[in-house]
Amino acid sequence: MQDITVKEIFREAEQHLGKELRVSGWVRTLRDSKAFAFIELNDGTFFKNLQIVLEDKLGNFNEIVKLNVGSSLIVEGVLVKSPGVKQPFELQATKVEITGFSSPDYPLQKKRHSFEYLRTIAHLRPRTNTFSAVFRIRSLAAYAVHRFFQERGFVYVHTPIITGSDCEGAGQMFQVTTLDPGNLPRDEEGKVDYSKDFFGRMTNLTVSGQLAVETYCMAFRNVYTFGPTFRAENSNTPRHAAEFWMIEPEMAFADLQDDMELAEDMIKYLIRYCLENAPEEMEFFQKFLDRDLFAKLDNVVNSEFGQLTYTEAIEILAKENPGFEYPVEWGCDLQTEHERFLTEKVFKKPVFVTGYPKEIKAFYMRLNDDQRTVAAMDLLVPGVGEIIGGSQREERLDKLEQRMAELGLKQEDYWWYLDLRKYGGTVHSGFGLGFERFIMYITGITNIRDVISFPRTVRSAEF
RNA sequence: UCCUCGAUAGCUCAAUGGUAGAGCGCUCGGCUGUUAACCGAGUGGUUGCUGGUUCGAGUCCAGCUCGGGGAGCCA
């Protein structure tokens, strides 16, 4: 008797036909008749189920057919070709051991459930087809991220999750403290005395690993972070979560053009990897979530990404204005409607927009020679809009200090960041990719809550 | 945070201001190859919460809570 997974059976069915096998898993559905019954068993290793055929000569037949969906079993039997059209083979059971009963109130029915309902049972939803596919893809994509960078010699850096810099500037932060909120220590002025806190200073959860990873960039040349990020923004949208994962590569001796090439290669690599290594899951998304998914992804993989400057983008948008809700003029930030028009209608493929006005971008982006734009790039993709944001960093100490002064940022708060420019600073560039946004893009899932196992959003941390 | 739509059985949804329903699920029975199995019977409700209008409110009004979508912020 050979223990085997459902995945192995599906991948090498021919060599297992006629053999005695033992599988174990959970009942997805059960259909019974007087003298026989069918169980679709999912063992967790594969997207598809194995059909088990039971005959009433099994000793515990009557007990088995009364099982509720969700029960766990160990099944022994012979793999045979199936006369049914929906599956090429099935396991003719010779012995069924019940290892865990379910109950009639099992919340997952055999029919389709709404995503909203499944969010209320987040601990059970990975047992559904959709979430089984989503989270297998998520795992695979995470592995592909590491493969992509490791193959290219990038060093994976774990930047801190608790940060002492209260000025990362990318958004509202969650404070980390061991102080008792009901009994805060105060200084002479009545302000909270953070010298009494755990770290002896105010600390928060990170909103970006970028500033920290730049320090390792100046030592290891090509580096990346891939970890959790936290934003305390009161955002109520299908694209925002309070806790999400970001991928942030950073390259020394690399300019904005190198940065864009890396971004394009990475996006194509990740999509190809998922298509090749999870074809059943990807077909499921194409069939049930987005009929245009494969066409959309093929277009990304097979086209050379477009490129234009912000100034050119504004000219095109102003000229072809199809009735935008927001006015278009030089200096304004591009709205989602503008981004999508550019990538979907004008270019019909992914496109990089570069050279944004310095006023609408972060302080660390490199000032261009025109003195009014910075070496920033956003990657826009059809169906979503912005998916990657990056830049060449300002490596010139005087220019960086000047920009920080303009924005009222205190140099002492960034002393170690400025040191990177003082001691052997060089041209360097990087970008950020929201991992969940990417997972949404390749699966066709439209709500970020459905690509995170236990999503944290405003007023929601049930699980 | 703003705009907008919504909340009725376990789930998905019906119900002119006048007796709260269906399908699915679940339970029981039937059925010798099922595929969201099928057939029959049964089970199922503080209509999100609080108040108001009315002879009468699931339905109209107000506030609140929660959820969907859009916007802003952004990834």
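Residues numbered from 1 in each chain as written. Chains lettered and ligands numbered in written order. Predicted model: local features only at pLDDT ≥ 70, side-chain atom pairs only at ≥ 80, totals over all residues. Heavy atoms only, no water.

Chemist: So what's going on with the pattern of salt bridges? Which residues, and what values?
Modeler: Inspection of the entire model under this criterion finds 23 salt bridges. The salt bridge partner of R22 is D3, with a shortest N-O separation of 2.9 Å. Residue R22 is located in strand 2 (residues 20–32), and its partner D3 is located in strand 1 (residues 2–3); the two are separated by 19 residues in the primary sequence. Owing to a relative accessible area of 53%, D3 belongs among the exposed residues under this scheme. With a shortest N-O distance of 2.7 Å, R396 and E394 are connected by a salt bridge. For E394, a relative accessible area of 2% corresponds to the buried category. One salt-bridge network, in which partners are shared between bridges, spans D3, R22 and E76. (Salt bridge = Lys/Arg side-chain N within 4 Å of Asp/Glu carboxyl O. Helix = DSSP H or I, 4+ residues; strand = E, 2+ residues; numbered from the N terminus. Buried < 20%, exposed > 50% of the residue type's maximum accessible area, 1.4 Å probe, protein only.)

Chemist: Account for the sheet that holds strand 9 (residues 175–176), naming residues and giving values.
Modeler: Read from one edge to the other, the open sheet built from 3 strands follows the order 8-10-9, with strand pairing classed as antiparallel. The open sheet is flanked by strand 8 (162–163) and strand 9, the only strands paired with a single partner. Bridging between strand 8 and strand 10 (residues 203–205) involves 2 bridges; their strand directions are antiparallel. Each bridged residue has a counterpart across the sheet, and for T163 the counterpart in strand 10 is N204. (Pairing = 2+ DSSP bridges.)

Chemist: Requested: an account of the packing of aromatic side chains, with residues and values cited.
Modeler: In total, this model carries 28 aromatic pairs according to the counting rule given. With a centroid separation of 4.8 Å and 75 degrees between ring planes, the pair formed by F198 and F199 is classed as edge-to-face. Aromatic side chains Y269 and Y273 sit 6.4 Å apart centroid to centroid with 10 degrees between the ring planes, which places their arrangement in the stacked category. Of the two residues, Y269 and Y273 both sit in helix 7 (residues 256–277), 4 residues apart, roughly one turn of that helix. According to the relative accessible area criterion, Y269 is buried, its value standing at 16%. Over the ring of Y441 we find K296, and its NZ or CZ is 4.4 Å from the ring centre. (Phe/Tyr/Trp six-rings, centres within 6.5 Å; stacked < 30°, edge-to-face > 60°. Lys NZ or Arg CZ within 6 Å of the ring centre and 35° of its normal.)

Chemist: Report on the environment of H113, specifying residues and quantitative values.
Modeler: Structurally, H113 can be placed in the loop between strand 6 (89–100) and helix 4 (115–119). On the accessibility criterion, H113 (18% relative accessible area) is buried. With residues near it in sequence (within four places) discarded, H113 still touches P107, L108 and L118. A polar atom in the side chain of H113 sits 2.8 Å from the backbone nitrogen of Q109. (Contact = heavy atoms within 4.5 Å. Polar contact = N/O pair within 3.5 Å; in protein donor to acceptor, adjacent residues only side chain to side chain.)

Chemist: An account of the sheet that holds strand 12 (residues 243–252) is needed here, citing residue identities and associated values.
Modeler: Spatially, 8 strands are ordered 7-11-12-17-16-15-14-13 in an open sheet, and the strand pairing comes out mixed. Each edge of the open sheet is held by one strand with a lone partner, namely strand 7 (155–156) and strand 13 (306–309). One ladder, built from 5 bridges, connects strand 12 with strand 17 (residues 428–434); its direction is antiparallel. Within strand 17, the residue paired with E250 across the bridge is G430.

Chemist: Any chance you could break down the protein's contact with RNA strand B for me, citing the residues and the numbers?
Modeler: Around RNA strand B lies a shell of 46 residues, among which E90, Q109, T237, Q335 and R437 are the nearest. For RNA strand B, the backbone portion of the atoms within 4 Å of the protein, that is sugar and phosphate, comes to 53%. Between RNA strand B and the protein, one listed contact pairs a base oxygen with a side-chain N or O atom of K111 at 2.6 Å. In this structure, a sugar or linking oxygen belonging to RNA strand B sits 3.4 Å away from a side-chain N or O atom of H113. (Near = heavy atom within 4 Å.)

Chemist: Break down the side chain of S71 for me, with residues and values.
Modeler: By the secondary structure assignment, S71 is in the loop between helix 3 (61–64) and strand 5 (72–81). For S71, a relative accessible area of 0% translates into the label buried. Of the polar contacts made by the side chain of S71, one reaches the backbone oxygen of N68; its length is 2.7 Å. Setting aside residues no more than four positions away along its own chain, S71 makes contact with G25, W26, V27, G100, F101 and S102.

Chemist: Requested: an account of helix 5 (residues 129–151), with residues and values cited.
Modeler: The end-to-end C-alpha distance of helix 5, which contains 23 residues, comes to 32 Å, matching closely the 33 Å that a straight helix rising 1.5 Å per residue would cover. Looking one or two residues beyond helix 5, the residue adopting positive phi is G153, at roughly 80 degrees. (Expected span 1.5 Å × (residues − 1).)

Chemist: Give me the lowdown on the environment of E233, citing residues and values where you can.
Modeler: Mapping E233 onto the fold places it in the loop between strand 11 (222–230) and strand 12. Here the alpha-carbon distance between E233 and D290, two residues 57 residues apart in the chain, equals 30 Å. Here E233 is in contact with G171, Q172 and V458, once residues within four sequence places are set aside. Here the side chain of E233 touches Q172 through a polar contact of 3.0 Å, landing on its backbone nitrogen.

Chemist: Give me the packing of helix 9 (residues 293–302) against helix 14 (residues 435–443): which residues, what numbers.
Modeler: Think of two packed helices as two axes; the pair is described by the angle between the axes and how far apart they sit. It is at 9 Å that the axes of helix 9 and helix 14 come closest, and there the two elements cross at 120 degrees. Relative to helix 14, the element helix 9 is oriented oblique. Two secondary-structure elements touch here, helix 9 through L293, K296, L297 and V300 and helix 14 through Y441, I442 and T443. The residue inventory of the contact of helix 9 with helix 14, partitioned by class, reads 5 nonpolar, 1 polar and 1 charged. (Axes fitted to C-alpha atoms, helices over the stretch in contact; angles between N-to-C directions. Parallel < 35°, antiparallel > 145°, perpendicular 65-115°, else oblique. Nonpolar A, V, L, I, M, F, W, Y, C, P; charged D, E, K, R; others polar.)

Chemist: Tell me about helix 12 (residues 397–407), and please be specific about residues and values.
Modeler: Buried within helix 12 we find L400, R403 and M404. Seen end-on, helix 12 carries its buried residues on one side only, within an arc spanning 100 degrees. Where helix 12 is buried, its residues meet helix 13 (415–422). Once helix 12 finishes, G408 follows within two positions and takes phi at roughly 75 degrees, a positive value. (Arc of directions from axis to C-beta.)

Everything listed here is a matter of coordinates, which is why it stays silent on function.
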